[in-house]
Amino acid sequence: MASSPVADNKNDFSKGNVIQNILGLALPMTLAQLINVLYNIVDRIYIGRIPQNATMALTGLGLCLPIISMVIAFANLFGMGGAPLCSIQRGRGNEEEAEAIMGNSFIMMVFCGLALTVLGILFKRPMLYLFGASAATISYADSYITIYLLGSTFVMIGLGMNSFINSQGFGKIGMLTVLLGAITNLVLDPFFIFVLDLGVQGAAWATILSQGLSALWILRFLTGDKSILKLKKSAFRLKPQRVLSIIGLGLSGFTMSITNSLVQIMYNASLGRFGGDAYIGIMTVINSVREVISLPISGLTNSAQPIMGYNYGAEQYGRVKQAIIFMSMVSISYTTIMWGLVHGFPEFFIRIFNHEGDLVAAGIPAMQIYYFGFFMMSLQFAGQSVFVALGKSKNAVFFSIFRKVIIVIPLIILLPHWIHPGVNGIFMAEPISNFVGGLACFGTMLVTVWPELGKEPCSS
């Protein structure tokens, strides 16, 4: 096979040891994602410690999570849709098309961010009540989400465009992007919440100002000399076929976030019905813990995508297989260890976010049920990552919908009527979906993708 035109360029993923290439991106990307989660996690930690009504305020933040997931979904639609296509085009040596993909993705992020701000503010209160808000929690939820929505465009750029930095192999720059915003958020949160006594509104202001700073950093880098692919006006003109390709591949990440939002809505509404506001607060804590412990595995699978996509585009199929094996083995090992820790020490994880005795006592069995067999979730992560990296959007979208919509949501509705107390049935929906969805996704990937990659021996 003829050498790729980009063979001599930096960050050529068709050369060097595959595992080292993955780890070279995984370490900074995982750290970046860990820092990124701090945007919302730190808010919840501080809010859980305000002097009055901490649990109700924390529950109010939890009611906002479905709307936040919707904003993230659109960032994923264009970021996770465009970045893998960039990797594939770079592997083929077509950097002009790679830049056009990045430019088109950026413009769509800006338009969607502005639209989400307007629509979100118009319909926020009906949505919050639909998501399980009560008279005691609506004021906290409304105060937070109103300010957060004003920064939707910042969030879109901060999350979505960072994927294009990572896809070029600049994992450290991607990490610095979120580090900048997270440190700003960490400093502004206590100042706005406690010193200025703004409560949940202060947490929201700290978040969007921090995201705005990250967005400015990203734009400066992608328009500067150090970036391989440049964000330029000539690439902003939308081409229908290109847009459809971006959206088609991005539907996987979009669907994952939207289905996350739907599941959060169902959890909150059902828990409010069978357990009351306190259990919505418990679910907020469980979601927060999950965001943190899932980060290393998410960072690893996301960092493997540019490696797999680049080598797939360069027809180095043996290297793609090597990346899949390494990613899968590490994912399963890590999630098995974390399952043991969460099951053995649930109170430790709960008290990070809330110290109130009733919430801790009720949260311990809920967390142990929810995280049962957590290692099976790694199969979903790994299989999904392969489908996205190789541009197989239909498979990726299907398994995003399959686990959440076809399995989890019906179980949330049915199980509390069969299992008592009902809240235990609601929490049990998650582990069942992990076993069924994880096996289905990973198994299908092995049956469909592995034969396509042929029997080429893995090379370093």
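Preceding this section is the structure that the text describes.
Described in the following lines is the structure provided in the data block. (Residues numbered from 1 in each chain as written. Predicted model: local features only at pLDDT ≥ 70, side-chain atom pairs only at ≥ 80, totals over all residues. Heavy atoms only, no water.)

A closer look at the pattern of salt bridges
Okay, step 1: If you walk through the whole model with that rule in mind, you get eight salt bridges.
Okay, step 2: Across the pair glutamate 99 and lysine 232 runs a salt bridge, and its minimum N-O distance is 3.2 Å. A residue pair is termed long-range when its members are at least 10 positions apart, and glutamate 99 in helix 3 (residues 95-130) and lysine 232 in the loop between helix 8 (200-222) and helix 9 (240-274) qualify at 133 residues.
Okay, step 3: Judged by relative accessible area, glutamate 99 falls into the buried class, the value being 13%.
Okay, step 4: When the shortest N-O distance is used, the salt bridge between glutamate 430 and arginine 403 registers 3.4 Å. One end of the pair, glutamate 430, is in helix 17 (residues 422-452); the other, arginine 403, is in helix 16 (residues 393-418), with 27 residues separating them in the sequence. (Salt bridge = Lys/Arg side-chain N within 4 Å of Asp/Glu carboxyl O. Helix = DSSP H or I, 4+ residues; strand = E, 2+ residues; numbered from the N terminus. Buried < 20%, exposed > 50% of the residue type's maximum accessible area, 1.4 Å probe, protein only.)

What about the nonpolar core?
Okay, step 1: Judged by nonpolar contacts, the single largest core of 66 residues is most densely connected at Tyr267, Ile286, Met308, Tyr371 and Phe427.
Okay, step 2: Of all the elements, helix 16 adds the most residues to this core, at nine residues.
Okay, step 3: Those residues in contact with phenylalanine 427 that sit more than four places away from it in its chain are Tyr267, Leu271, Tyr279, Ile282, Met283, Ile286, Ala366, Ile369 and Tyr370.
Okay, step 4: Counting 65 residues, the second-largest nonpolar core is a separate cluster that includes Phe78, Leu116, Val200 and Leu222. (Core = buried A, V, L, I, M, F, W, Y, C linked by side-chain atoms within 4.5 Å. Contact = heavy atoms within 4.5 Å.)

Some details on the layout of surface pockets
Okay, step 1: Approximately 160 Å³ is the volume found for the largest pocket.
Okay, step 2: Taken together, Ile173, Trp217, Arg220, Phe221, Gly224, Asp225 and Lys226 make up the lining of the largest pocket.
Okay, step 3: In terms of residue count, the dominant contributor to the lining of the largest pocket is helix 8 (three residues).
Okay, step 4: Grouping the constituent residues of the lining of the largest pocket by class yields three nonpolar, one polar and three charged. (1 Å grid on protein atoms, 1.4 Å probe; cavity = no way out; pocket = protein on both sides within 12 Å on 5 of 7 lines; lining within 4 Å. Points joined across faces, edges and corners; volume = space filled by probe spheres on them. Nonpolar A, V, L, I, M, F, W, Y, C, P; charged D, E, K, R; others polar.)

Remarks on a nonpolar patch on the surface
Okay, step 1: Together, Ile121, Leu150, Phe191, Phe194, Val195, Leu196, Leu198, Trp205 and Leu209 make up an exposed nonpolar region whose accessible area comes to about 760 Å².
Okay, step 2: Looking at the nonpolar patch, the elements with two or more residues in it are helix 7 (171-195) and helix 8.
Okay, step 3: Of the residues forming the nonpolar patch, the biggest block, three residues, is contributed by helix 7.
Okay, step 4: Position of leucine 209 relative to the elements: it lies in helix 8. (Patch = residues over 30% accessible without salt bridge, like charges linked within 9 Å, V, L, I, M, F, W, Y side chains within 5 Å. Areas by Shrake-Rupley, 256 points an atom, 1.4 Å probe, with all protein chains shown as cover.)

Regarding the packing of aromatic side chains
Okay, step 1: This model, assessed by the stated rule, comprises 19 aromatic pairs.
Okay, step 2: Ring geometry for phenylalanine 372 versus phenylalanine 435: centroids 6.3 Å apart, planes at 25°, classification stacked. A residue pair is termed long-range when its members are at least 10 positions apart, and phenylalanine 372 in the loop between helix 14 (357-370) and helix 15 (377-389) and phenylalanine 435 in helix 17 qualify at 63 residues.
Okay, step 3: Looking at phenylalanine 372, the relative accessible area reads 44%, which means it is partly exposed.
Okay, step 4: Taking the centre distance of 6.0 Å and the plane angle of 80° together, the rings of phenylalanine 375 and phenylalanine 435 count as edge-to-face. Residue phenylalanine 375 is found in the loop between helix 14 and helix 15, and its partner phenylalanine 435 is found in helix 17; the two are separated by 60 residues along the sequence.
Okay, step 5: Relative accessible area serves as the criterion here: at 23%, phenylalanine 375 is assigned to the partly exposed category.
Okay, step 6: Under the relative-accessibility criterion, phenylalanine 435 is labelled partly exposed at 29%. (Phe/Tyr/Trp six-rings, centres within 6.5 Å; stacked < 30°, edge-to-face > 60°.)

What to know about the packing of helix 14 against helix 17
Okay, step 1: Between helix 14 and helix 17, the least distance of the axes is 7 Å, while the angle of their chain directions is 30°. Here helix 17 runs roughly parallel to helix 14, going by the angle between their axes. The segment helix 14 lies against helix 17, with Ala366, Ile369 and Tyr370 engaging Asn424, Phe427, Met428, Glu430 and Pro431.
Okay, step 2: In terms of residue class, the contact of helix 14 with helix 17 is made up of six nonpolar, one polar and one charged. (Axes fitted to C-alpha atoms, helices over the stretch in contact; angles between N-to-C directions. Parallel < 35°, antiparallel > 145°, perpendicular 65-115°, else oblique.)

Quick notes on unusual backbone geometry
The bulk of non-glycine residues show a negative phi, and the bulk of peptide bonds are trans.
Okay, step 1: Each neighbour pair has its own omega, and for histidine 420 with proline 421 the value is -5°, a cis peptide bond.
Okay, step 2: With respect to the helices, strands and loops of the structure, proline 421 is situated in the loop between helix 16 and helix 17.
Okay, step 3: Here the phi dihedral of aspartate 197 falls at roughly 55°; this positive angle occurs in a residue that is not glycine.
Okay, step 4: On the secondary structure map, aspartate 197 appears in the loop between helix 7 and helix 8.

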